[in-house]
Structure formats: C-alpha cells, structure tokens
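Residue-level structural notes
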Amino acid sequence: MKKTLAATALTMSLSAAAPTFSEETKRSAVSMPISMSDIQAVSPAFGKYARETLLGEVWKRPGMSARDRSVVTVAALIARGQIVEMPFYFELALDSGVTPTELSEIITHLAFYSGFPQGMAAVTVAKDVFAARGIGADQLPQESPELLPLNQASEDARAKRVEESVGPVSQGVVEYTTMLFQDVWQRPGLAPRDRSLVTVASLIANGQAGQIGFHLNKAMDNGLTATEASEMLTTLAFYAGWPSVFSAVPIAKDVIEQRPS
Amino acid sequence: MKKTLAATALTMSLSAAAPTFSEETKRSAVSMPISMSDIQAVSPAFGKYARETLLGEVWKRPGMSARDRSVVTVAALIARGQIVEMPFYFELALDSGVTPTELSEIITHLAFYSGFPQGMAAVTVAKDVFAARGIGADQLPQESPELLPLNQASEDARAKRVEESVGPVSQGVVEYTTMLFQDVWQRPGLAPRDRSLVTVASLIANGQAGQIGFHLNKAMDNGLTATEASEMLTTLAFYAGWPSVFSAVPIAKDVIEQRPS
Amino acid sequence: MKKTLAATALTMSLSAAAPTFSEETKRSAVSMPISMSDIQAVSPAFGKYARETLLGEVWKRPGMSARDRSVVTVAALIARGQIVEMPFYFELALDSGVTPTELSEIITHLAFYSGFPQGMAAVTVAKDVFAARGIGADQLPQESPELLPLNQASEDARAKRVEESVGPVSQGVVEYTTMLFQDVWQRPGLAPRDRSLVTVASLIANGQAGQIGFHLNKAMDNGLTATEASEMLTTLAFYAGWPSVFSAVPIAKDVIEQRPS
C-alpha cells in the first residue's frame, strides 16, 4: 500500500501536528494521486518542505485555527481549479471543524468570484467526499433559505458605487452584482466573516489586486483580525506561491494602517 | 441514466430558453462529468444559480445572440484551460450557429493569445466533438488559405509601434508578432469581428488588463456594438468570475466614452 | 500506431531541428494524449504553426540553447499547471542536457513561486518520466545538501527590504521568505542563473508583473545575457501567450536599459 504525503507525515512525525486526521481523511489520502514515495522519487527536498515545513510547522502556528487555515487553503484550491489536491484538503477541512453546509456555501460563493467552471470542478470532488461520509441533503444548506438581514445603508452605498462605475458600461453586470450582494452574500450557511475570508483568499490566489483592498476591509469589518490576516498570507505563500502574496502585501499594509485601531 | 445540468434544465424549465440543445448536445451532456444530481448533492443553491439564473436568464437576455454568447463562453474556457466544461459548450456553440471552421479558427487564434498548451487542451476535446458529429476535413479551414486583404496603413502603424516598444528587447517577439497579425488574423475562416471578440474575452478571463483597451477598440472598429460589449461582460461575470469583469470595466468605460458616437 | 506531434514532426520535416529526440522521447511522445492526427482533425493550421513555426523554427533560433529553451518551457508549464504537455517537454528537457537533479530542483523551486499544488502536479508527471528512464535516488539531489555560500551583503539587503515592506503585515511571510532565500535558493543542484531563469519565466507566464524586474535583474547578475532574455521572451510568447509577453516587455526594457553595459 502506498503511503500518501499526509498519511506518511502522520506516521512519521506529525502526530503532534495541529490538524488531526480522521479515518476518513486517511482513507481519502490513500487514494490521492500523490504519495510521499512519489514525491521522494522526484524530490526528497520538496517532500521535506511539504511534510516538515508546511504540514509540520505552518499548520501548527498560533494566530489562526486549523479550521480557518483549512478555509483559506480550500479557497485557494477552488479559485485556481487545482482538483488534484482538493480531496485531501476537503477532508481535512471537514475534520477541522468546517461543516458540510459551510463547504457547500464556500463552493457556491467562489463560483461567483472565480467563475462557475471553477465551482463545477469543486463539485466533482466534493460530491465524492460527501458521499463517502454519508453527508446527505439534511446536512446541506437549503436552496432558498431565509436570508440574513441586510445592512441597508451599506448596501445602498455599494449599489450606488457600482451603478456609477459599472452602470455606464453594463447594466447586466449591475443587475447580477445586486443579486450577488443581496442574495448570495446574505445566505445564512456561511458567516459573513468567512465569506470575506474566502473572497480575499481567492483574490490573492488569483492575483486580482484591484479588489483585495475592498474585501480585506470588509473581512476586518466582519471580524477578521490583523493576526489572522497575517497568518492567511503565510498560508497562501505556500498554497498560491510567493509572488501572489508579495503582490498583496502592500495592499494589506494600507488597509491595516488606515483602519481605526 | 444520470441527467446532466443542461439536460435536466431543458426538461425542467428551459424549454423556452434561448439556446436550443440538439440531440448531439444532449448526448454529449449525458457524458459530462457533472450532472444536475451531482450539483444537488453538493449545493442545491449553486444548481439553482446555474440552471435558473445563468442558463435560464442570462442566456436569454436580448442584446447578444446565443451564437455570440457561445463564442464568448468558449473563449473563456479555452483561455483558462477548463477542459471539464468544454464538451458541453463546444456542442452548444455548434448548435447555436458557430461553424466547425469557426470553432477550429477560435482554437488556433487563442493558442497565440493564451499559449499553445491551452490550444492543445482544447484540441483534445474538440477532436471528440467533431468525430461524434462526423465533421471531417472538408468542413475545416485549409492549412494555408488565401488570406483576407490587409489594411496596410493600420498594419504599418501596428508594426511601427511594436518595433519601437518591443524591438529593443526582442526581435524574435517582433518577428512572430508580425506573423500573428499578417497571417493568423488574416485567415478567412473567422471574421475579424469574431477574432476580436474571442481575443477580448480571453484577455478579460485571464486578467490581462494591459491589452484589453487596444483589442476592445479594435473589436468595435470591427463591428462589435456597445450593447454586445455590455452583454459580453455580463456573460463573463459568470464564466470568469466577478473580479475579472470588475477589473475590465474601467478600461471598457474609457474605450466606449472615447469613441466617436 | 498514432503518430504524435513531435514524432510526426521529426519524421516529416524536423530531422534537422535543434532539439534531438531520443528513443525515450519518441516513446513518451507516442503515449501523449495529443497526436498530430488529432491536431489535423481540428485545425490543420494549428498543426502547421506547432510543427513548422514553433518546433521547426523557434527551437532552432540562435541565441538560446535547446537546453535553456527546455528550461524556460518546463518552467512555464509547471507555473501554469499544464499537465498534458509536461511528459513530452520533461523528456525533451532531459534529452537536451537538463539533468534529473536539475529537473528535480526546478520543480521544488517553482513549488515556492507557483504554489505547492503546482509543484505536486509536476511530481505526478515527473515520477513516471523518471521511472521509465530508470532514474533513481542516486541521480536526485539530496534532501539536505551542503548549501552554496551566501552572499551575505546581498542577503542582508534583501532581508532588510523584506522586513520593512512585509514585516508590518506578516512576520510569518518574512520568516519563510528567509528560508526561501537562505535555503531553497542556495541548494547546489541548480545553478543560481538557472533558478533565476525559471523564476522569471514563471512570473511572466503567470502575469506576476510586480516581481519580474527584481528577478530579471538578478538573472542577469547571475549570468543571463540580454540575447538569452530576448529568446526567453520569444519562446514564452508561444508557450504562455502573446499578452503575457507583451506585459513583460516594458519591464524587461527598463531592466536592460538601466544595467551598466
């Protein structure tokens, strides 16, 4: 039996690691296309960085829970359509306290921020993960639930801004942006702070600098701390690459410095 | 038999939808990896947005034909290498009036704008779609057809601009850019307006802001209307994600405002 | 037997092409998912550009060795996660003088610059290529080798700059950036000039404009010539698409003009 990265890491040196792997995660990991012996056969050094540095150190850092780190990682994978690593990290997210309802909402939310095709790719993985765990309709969010109450003042300001900037070019975009903010964002299955977190993580992972400032501010309005923002960047350096994070840093710096402390 | 998103949508509520699905599309859809029941098993809400909002509303909007919406969608998928959704949308394009010659030329054209590997990925899907429909060499564009007449003044201006900006850095890039504009762009199998449309859609989908202005202007010179540009953006919001479109909007606004009305 | 792009090209017209294909490459090519007849069945023109222009002309250009062109191509494919074309170009790289140790280090290095998931995707391909050639642990770089000597003055300057710019936002990013520069970059299995070359190629391929200037300067400090930079851009136009290269050109121009000649 091939041992996978995670399974091996667990056996070898990560018994004290922050993320705890359930039997389901280990089973899923076993079916992953990348095993620790595969990595060793190409790059022992990459194996060490993945096992000791990323899973063994970064995931254990204080300042961000394994649950939130899962949310950030899953968002980056969905935003970039990286199917290969999704099964392992979807399992890890569920084991770290992300509920099936939340994972379902993350996928739906990111379909709007990364495109419906990326959402569909995530569905192909999540359906198997859910099926293997016996997660059925009763654990999923309703199609049309009662929405969270809207902050009307803030929504009016948003609508006005979008009408001014986008309206002269595309009324269709204006119309569906309203749906995005009044419907998708207000669904109760994922807390506003978590919607902001996955939005910011997806923007950084995809290098969409223009929207990071607005959404990082909104994330912090919604409860994300500066320490958590710092750890989000540390995590994304590994999952989205250094340049994505370095491009986001000056924007994050401006946001953090200009907020009332 | 699993019903797919499109097949189910057709049966359930889209009998009056703008795109009409041929038997070929339905057969292909049946073999798609994502079915409506898969989506329901992960996110009933995502299913609703895909079925009712995107296929049921957006595709029916006036201002852009289903044929052009197919062209935009196919361009976004090729530009981002999203193979999973290509079979369904290649079929839909052919059913909506895109000819095999045009689809062949779209793939070749976008190989230059998104990289040859993305073109090759599209080939792996298109060959099966063409084979299933019995589309043979007689329906494909020739390898070296008689080219469209060149607008020499406009080409001279382009060549001069590229020589000045790129020449000091890379004569190789200058040389093959000339081939791109004098050979690829002049092939008769795809109208200049459609070449511009797929170019602009690919640039927006890949966040390549620097070239959007030039090519949107060229698209409108080639006959794309402001209404069609607006609907292209509405379509891309769903297929490439909101941030890609929001980054393109100010550029599109400048182009549209500065054109003589 | 289906003939592949490369195999067919070789037989048809490329016997004098710069890259020479070993028996291994030809065997691997045979198993590629894209054959020349596949391309012909979709776009004879794309086939011609791939065969005659790219493999027949660009790869034969003076100014950059086939070995370095392989390095650039492999870097672009890994950075963008384009698995389909990796087997052929990994083989071609090994046939063109890239050692297994170097390919292993390129994958590890780019895991940091394009994200660990892209590195993992490359591992899934490289393990099969290595296995088919009987490349074992003795031909791979050690996990923790003696590192190259650090240029302490330059490293101090980098550390100071990163602490000032990144420190106020994320000490975690600062910490692991130090690891990246003091550990990963100093591994002896890939020359500093080659690390710079793959870094720059990956940044251009992924449109990460903000970091291109710094790393192109570093590449030229490490021995990359202006002619090689020019040919890198020519190669990337085909493998990453024209817009990626056009966005990089003004940055490259500034770097080249401001260097002491």
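Residues numbered from 1 in each chain as written. Chains lettered and ligands numbered in written order. Predicted model: local features only at pLDDT ≥ 70, side-chain atom pairs only at ≥ 80, totals over all residues. Heavy atoms only, no water.

Focus: the packing of helix H4 (residues 44-55) of chain A against helix H10 (residues 171-184) of chain C
The description of two helices packed together rests on the angle between their axes and the distance between the axes. Stated formally: Every axis in this analysis is a line fitted to C-alpha atoms, fitted for helices over the stretch in contact. Angles between the N-to-C directions lie between 0 and 180 degrees. Put simply, DSSP H or I for four residues or longer makes a helix, DSSP E for two residues or longer makes a strand, and each gets a number counted from the N terminus. An angle counts as roughly parallel when it lies under 35 degrees, as roughly antiparallel when it exceeds 145, as roughly perpendicular when it falls between 65 and 115, and as oblique in every other case. For any pair of crossing helices, the crossing counts as left-handed if the nearer helix is rotated counterclockwise from the farther one by less than a right angle, and right-handed if it is rotated clockwise. The criterion used for residue contact is that any of the two residues' heavy atoms lie within 4.5 Å.
With their axes 14 Å apart at the nearest point, H4 of chain A and H10 of chain C run at an angle of 150° to one another. On the basis of the axis angle, H4 of chain A is roughly antiparallel to H10 of chain C. Handedness of the H4 of chain A/H10 of chain C crossing: right-handed. When H4 of chain A is examined against H10 of chain C, the residues Lys48, Tyr49 and Thr53 of chain A are found in contact with a partner set consisting of Tyr176, Met179, Asp183 and Val184 of chain C.

What about the interface of chain C and chain A?
As a reminder of what qualifies: Buried area: the accessible area, evaluated with a 1.4 Å probe, that two parts lose upon being put together, summed over both parts. The rule for a salt bridge is simple: a side-chain nitrogen of Lys or Arg has to be within 4 Å of a carboxyl oxygen of Asp or Glu. Polar contacts, as counted here, are pairs of nitrogen or oxygen atoms within 3.5 Å of one another; within protein the pair requires one atom able to donate a hydrogen and one able to accept it, and residues that are adjacent in sequence qualify only if both atoms are side-chain atoms. Residues are grouped as follows: Ala, Val, Leu, Ile, Met, Phe, Trp, Tyr, Cys and Pro are nonpolar; Asp, Glu, Lys and Arg are charged; all remaining types, including Gly, are polar.
Residue-level contacts link 43 residues of chain C with 43 residues of chain A. Considering only the surface of chain C that becomes buried against chain A, Met120, Val169 and Tyr176 of chain C emerge as the three largest contributors, covering 19% of it. Summed over the shared surface of chain C and chain A, the result is one salt bridge. Glu175 of chain C is the partner of Arg61 of chain A in a salt bridge, and the nearest nitrogen-oxygen pair spans 3.5 Å. Joining chain C to chain A, the criterion identifies 17 residue pairs in polar contact (both at pLDDT 80 or more). The residue makeup of the side of chain C that touches chain A, split by class, is 22 nonpolar, 15 polar and six charged.

Overview of the relation of the copies chain C and chain A
Inclusion rule: Residues below a pLDDT of 70 in either copy are left out; the C-alpha atoms of the rest, at least 70 in both, set the least-squares superposition of the copies.
Screw-axis analysis of chain C against chain A gives a translation of 0.0 Å along the axis, an RMSD of 0.0 Å, and a rotation angle of 120°. Look at the turn and shift together and you get a three-fold axis relating the two. Nearest to the rotation axis, the C-alpha of Gly207 of chain C is located 4.9 Å from it, this being the minimum over chain C.

Some words on the interface of chain B and chain C
At the junction of the two partners, chain B supplies 43 residues and chain C supplies 43 residues. Interface of chain B and chain C: buried area, both sides summed, is about 3,700 Å²; carbon and sulfur atoms make up 68% of it. For chain B, the biggest contributors to the area lost against chain C are Met120, Val169 and Tyr176 of chain B; these three give 19% of the whole. Here chain B is connected to chain C by one salt bridge. Viewed at the interface, chain C and chain B are joined by 17 residue pairs in polar contact (both at pLDDT 80 or more). Put simply, the parts of the chain that give the side of chain B that touches chain C at least two residues each are helix H7 (100-114), helix H8 (116-132), helix H9 (152-166) and helix H10 (171-184) of chain B.

Examining the environment of Arg67 of chain C
Residue and element names in this part refer to chain C. Convention followed: Burial classification: accessible surface area is computed with a 1.4 Å probe over protein chains only, and a residue below 20% of its type maximum counts as buried, one above 50% as exposed, and the rest as partly exposed.
Along the polypeptide, Arg67 turns up in helix H5 (residues 66-79). Given a relative accessible area of 15%, Arg67 falls into the buried group. In contact with Arg67, not counting residues within four places along its chain, are Ser96, Gly97, Val98, Glu102, Arg193 and Asp194. Side chain to side chain, Arg67 and Asp68 meet in a polar contact 3.0 Å long.

Examining the UniProt feature "domain: Carboxymuconolactone decarboxylase-like" (unreviewed entry) in chain A
Rules: UniProt positions are given in the numbering used here, feature names are shortened, and annotations may be inferred rather than shown by experiment.
In the numbering used here, UniProt assigns the "domain: Carboxymuconolactone decarboxylase-like" (unreviewed entry) feature to residues 44-128 and 176-254 of chain A. Between the C-alpha atoms that bound residues 176-254 of chain A the distance is 30 Å, and the span itself is 77% helix and 0% strand.

Here's the deal with the side chain of Thr53 of chain C
With respect to the helices, strands and loops of the structure, Thr53 of chain C is situated in helix H4 (residues 44-55). For Thr53 of chain C, a relative accessible area of 6% corresponds to the buried category. Setting aside chain neighbours within four positions, we find Thr53 of chain C in contact with Tyr176 and Met179 of chain B together with Lys48, Val58 and Phe238 of chain C.

Looking at the pattern of salt bridges
Proximity of charged atoms lets side chains of opposite charge pair with each other. Under the counting rule described, the total for this entry stands at 54 salt bridges over all chains. Residue Arg67 of chain B is joined to Asp68 of chain B by a salt bridge in which the shortest nitrogen-to-oxygen separation is 3.0 Å. No difference in accessibility class separates Arg67 of chain B from Asp68 of chain B, as the two residues are buried. Each of Arg67, Asp68, Glu102, Arg193, Asp194 and Glu228 of chain A takes part in salt bridges that share partners, so that together they form one network.

Re the environment of Asp138 of chain B
Considering the arrangement of structural elements, one finds Asp138 of chain B in the loop between H8 and H9. Taking C-alpha positions, Asp138 of chain B is 21 Å from Gly119 of chain B, a pair spaced 19 residues apart along the chain.

Points about the packing of aromatic side chains
Convention followed: Working definition: a ring pair exists when centres of Phe, Tyr or Trp rings (six-membered ring for Trp) sit within 6.5 Å. Plane angles under 30 degrees give stacked, over 60 give edge-to-face, the rest tilted. Whether a charge lies above a ring is judged from NZ of Lys or CZ of Arg, which has to be within 6 Å of the ring centre and within 35 degrees of the ring normal.
Taken as a whole and judged by the stated rule, the model has 39 aromatic pairs over all chains. Relative to Tyr49 of chain B, the ring of Phe112 of chain A lies with its centre 5.1 Å away and its plane at 85°, an arrangement referred to as edge-to-face. You can see Phe112 of chain A sitting in helix H7 (residues 100-114) and its partner Tyr49 of chain B sitting in helix H4 (residues 44-55), one on each of two chains. Here Phe112 of chain A falls in the buried class, since its relative accessible area comes to 0%. Here Lys218 of chain A stacks its cationic end above the ring of Trp185 of chain A, 3.7 Å away from the centre of that ring.

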